[in-house]
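Structural features, examined
Below are the chains, spelled out letter by letter.
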Amino acid sequence: MKNRLFAMAMAIIAAVMLAFQPAQAATGYTQTKYPIVLVHGLFGFDSILGIDYWYGIPSALRSDGATVYVTQVSAANSTEVRGEQLLTQVKQILAITGASKVNLIGHSHGGPTARYVAGVAPELVASVTSVGGVNRGSDFADAVRGVLPSGSPITSAVAKVANSTLVALIQALSGNSSLPANAEAALVSLTTAGSTAFNAKFPAGVPTSGCSGGAEVVRGVRYYSWGGNKPYTNVLDPMDPVLTLSSAFFSSANDGLVSTCSMALGKVIRVDYGMNHMDEVNQTLGLVNIFETNPVQLYRQHANRLKLAGV
Ligand code: CA
């Protein structure tokens, strides 16, 4: 009798749990033809202690059909070094999945990093999407470079500390301590001068004048961009005061670290979301502007956009 009661209770619990399960996957809303590959920015990582850099984004994309890979390149290094690391990982993803191309989505320095791969291997890339991307430099990087000019002993001391502490810590915690660290090379890549030099070699999608957008398809690769223009968005997020301070170095609309003009690449979806640089990847831990479209939803919408574009 006791056993039967127990079995009945378990059956009821199971039925209730089943009823409250979220709607099962497979609406296909985010089911792109090619895998989506996420590329982090400066001081970025894939995941640390189980916390995603792309907070809650891979799971939200996967739940409706996308195949998603989160890459890890050097947390701080030049666009070219990071780009070569990404190219290697793209080839591995293609080998694992059997896909012929990938859809790259890069945040911040991840934008130019993805553009590098599309530049050297366009046949492997269906699309490049730059989110808060540093496509034409950052006024903040220029300001830091002004304080830390090339060849000065202070610069090498600061770079050494950054490489051996912050970058080393990020890479160790994310299980990628073997990646080379070069904070000064990262800084140079993110300056206006460094970006201009990079764009001369890899111009695809970059606006030739103004800030409205660039070529939308180059050598078979689709280019997209979006980003935010509001440095302070959530009183609970400890990063917002920091981004408000860094925002003071800009003379035009920005997300705290990148100007909206620099973000523009290919087809500009919008660069005036009420988001700061961290909100663009749903950080810190989902603390974003509650009066704006949720950033996770933007990634889902974009996966659907890619799907409808046949990639
Ligand atoms: Ca935030």
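Heads up: the structure comes first, above all this text.
Because the structure is a prediction, the values reported are computed rather than measured.

1. Looking at the coordination of the calcium ion
Distances from the calcium ion to its protein donors, Asp237 (OD), Asp279 (OD), Gln283 (O) and Leu287 (O), fall at 2.2 to 2.5 Å. By relative accessible area, leucine 287 is classed as partly exposed at 25%.

2. Looking at the layout of surface pockets
Of the pockets and cavities examined, the largest pocket occupies roughly 1100 Å³. Every residue lining the largest pocket is counted, 42 residues in all, and those nearest its centre are Leu42, Phe43, Gly44, Met239 and Leu257. Only β3 (51-52), α5 (139-147), α6 (153-173), α7 (183-190) and α9 (239-247) provide two or more residues apiece to the lining of the largest pocket. Partitioning the lining of the largest pocket into residue classes produces 29 nonpolar, 11 polar and 2 charged.

3. Quick look at the packing of α5 against α7
At a closest axis distance of 8 Å, the pairing of α5 and α7 adopts a crossing angle of 130°. In terms of orientation, α5 and α7 fall into the oblique class. Relative to α7, the crossing made by α5 is left-handed. For the pair α5 and α7, contact is made by Ala141, Val144 and Arg145 and by Glu184, Leu187, Val188 and Leu190, respectively. Here the residues of the contact of α5 with α7 are counted per class, giving 5 nonpolar, no polar and 2 charged.

4. Section: empty space enclosed by the protein
Under the criterion given, the structure shown has 2 cavities of 30 Å³ or more. Taken as a whole, the largest cavity encloses approximately 40 Å³ of empty space. In terms of lining residues, the largest cavity is bounded by Trp226, Ile269, Tyr273, Leu298, Gln301, His302 and Arg305. Contributing elements (two or more residues each) for the lining of the largest cavity: β9 (267-273) and α11 (295-308). When residues in the lining of the largest cavity are grouped by element, the largest group, 4 residues, is from α11. Grouping the constituent residues of the lining of the largest cavity by class yields 4 nonpolar, 2 polar and 1 charged. Here the second largest cavity is characterised by a volume of approximately 30 Å³.

5. Observations regarding the pattern of salt bridges
Scanning the model with the defined rule gives 5 salt bridges in all. The shortest N-O distance in the salt bridge between arginine 145 and glutamate 184 comes to 3.0 Å. Residue arginine 145 is located in helix α5, and its partner glutamate 184 is located in helix α7; the two are separated by 39 residues in the primary sequence. On the accessibility criterion, arginine 145 (17% relative accessible area) is buried. For arginine 270, the salt bridge is made with glutamate 292, and the minimal N-O distance between the two is 3.9 Å. On the criterion of sequence distance, the pair formed by arginine 270 in strand β9 and glutamate 292 in the loop between β9 and α11 is long-range, its members being 22 residues apart. The partly exposed category is assigned to arginine 270, whose relative accessible area is 34%. Owing to a relative accessible area of 19%, glutamate 292 belongs among the buried residues under this scheme. When salt bridges with common partners are traced through the structure, they connect Arg270, Asp272 and Glu292 into a single cluster.

Each value, and the rule that gives it
- Residues numbered from 1 in each chain as written.
- Predicted model: local features only at pLDDT ≥ 70, side-chain atom pairs only at ≥ 80, totals over all residues.
- Heavy atoms only, no water.
- Donors = N, O, S within 2.8 Å, 3.2 Å for Na, K, Ca; no water.
- Buried < 20%, exposed > 50% of the residue type's maximum accessible area, 1.4 Å probe, protein only.
- 1 Å grid on protein atoms, 1.4 Å probe; cavity = no way out; pocket = protein on both sides within 12 Å on 5 of 7 lines; lining within 4 Å.
- Points joined across faces, edges and corners; volume = space filled by probe spheres on them.
- Helix = DSSP H or I, 4+ residues; strand = E, 2+ residues; numbered from the N terminus.
- Nonpolar A, V, L, I, M, F, W, Y, C, P; charged D, E, K, R; others polar.
- Axes fitted to C-alpha atoms, helices over the stretch in contact; angles between N-to-C directions.
- Parallel < 35°, antiparallel > 145°, perpendicular 65-115°, else oblique.
- Left-handed = near helix turned anticlockwise from the far one by under 90°.
- Contact = heavy atoms within 4.5 Å.
- Salt bridge = Lys/Arg side-chain N within 4 Å of Asp/Glu carboxyl O.

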